[in-house]
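Next come the chains, spelled out residue by residue.
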Amino acid sequence: MAEEVDYEALPSNASLGVNMLAGALAGITEHAVMFPIDSIKTRMQVFATSPAAVYTGIGNAFTRISSTEGMRALWRGVSSVILGAGPAHAVHFGTYEAMKELAGGNAAGNQWLATSLAGASATIASDALMNPFDVIKQRMQVHQSEFRSVFTALRVVYQKEGLAAFYVSYPTTLTMSVPFTAVQFTVYEHMKKLLNPSGDYSPVTHMIAGGMAGGVAAGVTTPLDVAKTLLQTRGTSHDPEIRRVGGMVDALRIIWRRDGIKGFGRGMSPRVLTHMPSNALCWLSYEFFKVAIREQ
């Protein structure tokens, strides 16, 4: 009988290549599975002028989109995510593990400061790579999008709006993602140690800890996600004020003036619903692929 792998006893400072490849595979898995819910979240966050694009909830959005546009509309833009998620998650997890080791996060005890620093550093690096892909994804997700191809969207957006269109939301993305990732990694590591203090192989622990971490982080950062969506979809809007929005402060001001405090919670339910299972799957996949790759 083959010797059982001591999962948590595997070296915490594994090679950068192992962590990057595991992260890439985990990222693609995570985003592809939950993409339809992410599409609904984007549509709920956009300030639509057409009544046909205003949704009262996840169920209402799913029913109306699938019945009027077909199920394929919920998957429009997934190719952009697949193209970007692999490299971005490879950079994300590679940076996270490298920085955690450098900052002493693999030492005994709950090294929350080192873990938070590693998570924030990972986000800064990966978001720089992922931001253009995210812009294209949301341009393809919106109601009555003119785009059916990632490369067509890339070319048209660049020709009409220039390179700035792909990074106008980057400061907002960082403002949102750095605390999101810091909260996510901190909650994940804390819950993992709390649920599995022995460090034995426990996929259930990774799923529960990952899901809880994702849900908490998603809920806390939803207001900034609404602002990010407004910035990234401004080129599709027929509203002159939205088309001219220049940054995070402008976006937050528009949301407050038009929708009040409830505007900052637009799309919170699908956002949390997306991040809980996707983060659970992401962490489960990541930890699995780390072991699988090492055994090769």
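Check the entry above for the structure.
In this text the structure is predicted, and so the values were computed from the model without any measurement.

Here is what the cut-offs are and how they apply
Residues numbered from 1 in each chain as written. Predicted model: local features only at pLDDT ≥ 70, side-chain atom pairs only at ≥ 80, totals over all residues. Heavy atoms only, no water. Phe/Tyr/Trp six-rings, centres within 6.5 Å; stacked < 30°, edge-to-face > 60°. Buried < 20%, exposed > 50% of the residue type's maximum accessible area, 1.4 Å probe, protein only. Lys NZ or Arg CZ within 6 Å of the ring centre and 35° of its normal. Salt bridge = Lys/Arg side-chain N within 4 Å of Asp/Glu carboxyl O. Helix = DSSP H or I, 4+ residues; strand = E, 2+ residues; numbered from the N terminus. 1 Å grid on protein atoms, 1.4 Å probe; cavity = no way out; pocket = protein on both sides within 12 Å on 5 of 7 lines; lining within 4 Å. Points joined across faces, edges and corners; volume = space filled by probe spheres on them. Nonpolar A, V, L, I, M, F, W, Y, C, P; charged D, E, K, R; others polar. Expected span 1.5 Å × (residues − 1). Arc of directions from axis to C-beta. Polar contact = N/O pair within 3.5 Å; in protein donor to acceptor, adjacent residues only side chain to side chain.

K.L.:
I'm lost on the packing of aromatic side chains in this one. Help?
P.N.:
The full count for this structure, using the stated rule, is 6 aromatic pairs. Summarising the aromatic geometry, the rings of Tyr 167 and Tyr 170 are spaced 5.9 Å apart at their centres and angled 85° between planes, so their arrangement reads as edge-to-face. For the pair Trp 256 and Phe 264, a centre-to-centre distance of 6.4 Å together with 20° between the ring planes defines the contact as stacked. Classification of Phe 264 as buried rests on a relative accessible area of 14%. When the ring centre of Phe 47 is taken as reference, the NZ or CZ atom of Arg 266 above it lies at 4.0 Å.

K.L.:
I'm lost on the pattern of salt bridges in this one. Help?
P.N.:
Side chains carrying opposite charge are able to pair once their charged atoms draw close together. Under the definition given, this model contains 17 salt bridges. For Arg 258, the salt bridge is made with Asp 239, and the minimal N-O distance between the two is 2.7 Å. Of this pair, Arg 258 sits in helix α11 (residues 248-259) while Asp 239 sits in the loop between α9 (222-232) and α10 (240-243), and the two are 19 residues apart along the sequence. In the salt-bridge network here, residues are joined through shared partners; they are Asp 38, Lys 41, Asp 134, Lys 137, Asp 225, Lys 228 and Arg 271.

K.L.:
I'm lost on empty space enclosed by the protein in this one. Help?
P.N.:
One water molecule sets the probe size; rolling that probe over the atoms shows where empty space is left. For the structure shown, the criterion picks out 1 cavity of 30 Å³ or more. The calculated volume of the largest cavity comes to roughly 750 Å³. Lining the largest cavity are 35 residues; nearest its centre among them are Glu 30, His 31, His 89, Asp 127 and His 275. Every element with two or more residues in the lining of the largest cavity is listed here: α1 (16-33), α2 (35-45), α4 (78-102), α5 (112-141), α7 (170-195), α9 and α12 (268-295). For the lining of the largest cavity, a count of residues per class yields 12 nonpolar, 14 polar and 9 charged.

K.L.:
I tried to follow helix α6 (residues 150-161) on my own but got confused; where do I start?
P.N.:
In an α-helix, one turn spans 3.6 residues; hence positions three or four apart end up facing the same way. Here α6 is 12 residues long and its end C-alpha atoms lie 16 Å apart, about the 16 Å a rise of 1.5 Å per residue gives. Among all positions of α6, only Val 150, Ala 153, Val 156 and Val 157 are buried. Take α6 and look down its axis: the buried residues cluster within an arc of 135°, on one side only. Looking at α6, the residues exposed on the side facing more than 90 degrees away from the buried face are Phe 151 and Gln 159. Where α6 begins, the side chain of Ser 149 points an oxygen toward the backbone nitrogen of Phe 151, at a separation of 3.3 Å. A positive phi of about 80° marks Gly 162, the residue just after α6.

Shape descriptors only; they carry no functional weight alone.
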